[in-house]
Amino acid sequence: MITLEHVSKTYKVSKRNAGFSSACKALFRREYEYIHALSDVSFTIQDGEMVGYIGPNGAGKSSTIKILSGILIPDSGTCLINGIVPWKNRISHTRGIGVVFGQRTQLWWDVPVIDSYELLKEIYQINTHTYRRNLERLTDMLDLSGLLKTPARQLSLGQRMRCEIAASLLHNPRILFLDEPTIGLDAVSKLAVREFILQLNKEQNTTVILTTHDMQDIEALTNRVILIGKGQILLDGRLEDILLHGSSAEESLAEFYRSHGI
């Protein structure tokens, strides 16, 4: 279970005007701006839930995922994931989570995909039997048999994303964070990824937190959405709660943003 209570996070960002003179002044006197990425954010996610975590750019989604992953420490508030504080017990915490970032990779760029998997096996200390069983299952479910011997740099975006998802699941995580997992994918690849995620949740009761701007992903995969804007939770419920009659999900969401001054 994931529990986030009254979490806040503020960034201190230096600012200056363009030009050499401004750069010189900044050496002696810097101006700073404080950005409130998260303000009193609270929610609870039960085991096996599939939740869409959505919001406009800069809303605080990535900061939340980084706190849940143990990468960031909040300024205030508490976070417990399966009884663990993520940033205090990072090693034990990371054994129970998988993370897929659509615009970042955990595969080594110049070596065959299977070599990256072998290295992840050692990093997560997966026993050989479990590793082979999971690799065989993921290879079959994600159709990776023709990709494992190919360097990551030579894969198409859709092929690489399927390999990324498999890499995040080799160690049997109970929770999967998906950040834009279908970004840039064609229709066939999107459908394949969605079907796999649904199957994974059904068969292994994996908790899935999906961050995306693609409302078709949200409609296909989740039955609950948490909508964040300007660092605050604006909605925690069903997507139907914001849908307008006769409008698409994207149009309804845009109108919801406008009504909240976002």
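Residues numbered from 1 in each chain as written. Predicted model: local features only at pLDDT ≥ 70, side-chain atom pairs only at ≥ 80, totals over all residues. Heavy atoms only, no water.

A cluster of acidic residues, Glu-219, Glu-240, Glu-250 and Glu-251, forms a negative patch on the protein surface. Structurally, Glu-219 is set in helix α8 (residues 215-221). (Patch = residues over 30% accessible without salt bridge, like charges linked within 9 Å, V, L, I, M, F, W, Y side chains within 5 Å. Areas by Shrake-Rupley, 256 points an atom, 1.4 Å probe, with all protein chains shown as cover. Salt bridge = Lys/Arg side-chain N within 4 Å of Asp/Glu carboxyl O. Lys, Arg positive; Asp, Glu negative; His and termini not counted. Charge placed at Lys NZ, Arg CZ, Asp CG, Glu CD. Helix = DSSP H or I, 4+ residues; strand = E, 2+ residues; numbered from the N terminus.)

This paragraph deals with the packing of helix α5 (residues 128-142) against helix α7 (residues 187-204). Where α5 meets α7, the closest approach of the two axes is 11 Å, and the angle between their N-to-C directions is 140°. Classified by the angle their axes make, α5 and α7 are oblique. For the pair α5 and α7, the crossing hand works out as right-handed. Of the residues in α7, those in contact with Arg-137, Leu-138, Met-141 and Leu-142 of α5 are Phe-196, Gln-199, Leu-200, Glu-203 and Gln-204. Here the contact of α5 with α7 is composed, by residue class, of five nonpolar, two polar and two charged. (Axes fitted to C-alpha atoms, helices over the stretch in contact; angles between N-to-C directions. Parallel < 35°, antiparallel > 145°, perpendicular 65-115°, else oblique. Left-handed = near helix turned anticlockwise from the far one by under 90°. Contact = heavy atoms within 4.5 Å. Nonpolar A, V, L, I, M, F, W, Y, C, P; charged D, E, K, R; others polar.)

Time to look at the nonpolar core. For soluble globular proteins, the rule of thumb is that nonpolar side chains tend to be buried together. Judged by nonpolar contacts, the single largest core of 45 residues is most densely connected at Tyr-117, Leu-144, Cys-163, Leu-170, Phe-196, Ile-197 and Leu-227. Per element, the largest residue contribution to this core is six residues, and it comes from helix α6 (residues 157-169). Excluding its chain neighbours within four sequence positions, the residues that come into contact with Cys-163 are Leu-107, Val-113, Tyr-117, Leu-144, Leu-147 and Leu-155. Grouped together as the second largest cluster of nonpolar side chains are 24 residues, Leu-4, Tyr-53, Ile-65 and Leu-68 included. (Core = buried A, V, L, I, M, F, W, Y, C linked by side-chain atoms within 4.5 Å. Buried < 20%, exposed > 50% of the residue type's maximum accessible area, 1.4 Å probe, protein only.)

Another point: the packing of aromatic side chains. In the structure shown here, the tally under the stated rule is one aromatic pair. The interplanar angle of 55° and the centroid separation of 5.8 Å between the aromatic rings of Phe-43 and Tyr-53 together place this pair among those described as tilted. One end of the pair, Phe-43, is in strand β2 (residues 31-45); the other, Tyr-53, is in strand β3 (residues 50-54), and 10 residues separate them in sequence. Above the face of the Tyr-131 ring, Lys-121 is positioned so that its terminal group lies 5.9 Å from the ring centre. (Phe/Tyr/Trp six-rings, centres within 6.5 Å; stacked < 30°, edge-to-face > 60°. Lys NZ or Arg CZ within 6 Å of the ring centre and 35° of its normal.)

Our next topic: the pattern of salt bridges. Inspection of the entire model under this criterion finds 12 salt bridges. Measuring nitrogen to oxygen at the nearest pair gives 2.5 Å for the salt bridge that ties Asp-110 to Arg-153. With Asp-110 in the loop between β5 (97-101) and α4 (113-123) and Arg-153 in the loop between α5 and α6, the pair connects residues that are 43 residues apart, well separated along the chain. Arg-160 serves as the salt-bridge partner of Glu-164, at 3.1 Å between the closest nitrogen and oxygen. Remark: Arg-160 and Glu-164 occur in helix α6; sequence separation between them is four residues, near one turn of the helix. Given the relative accessible area of 2%, Glu-164 is considered buried. What emerges from the salt-bridge pattern is a single network uniting Lys-190, Arg-194, Asp-214 and Asp-217.

One can find Gly-231 in the loop between β8 (224-229) and β9 (232-237). Taking the C-alpha atoms as reference, Gly-231 lies 8.2 Å from Lys-61; in sequence the two are 170 residues apart. In this structure Gly-231 touches Ala-37, Leu-38, Ser-39, Val-41 and Ala-59, once residues within four positions along its chain are discounted.

Below, the discussion takes up the sheet that holds strand β4 (residues 76-81). The sheet built from three strands is open, its strands ordered β2-β1-β4 with antiparallel pairing. The open sheet is flanked by β2 and β4, the only strands paired with a single partner. Neighbour-to-neighbour, the strand axes of this sheet turn through a mean angle of 30°, independent of strand direction. The sheet contact formed by strand β1 (residues 2-15) and β4 spans five bridges and is antiparallel. Looking at β4, one finds that Ile-2 is bridged to Ile-81. (Pairing = 2+ DSSP bridges.)

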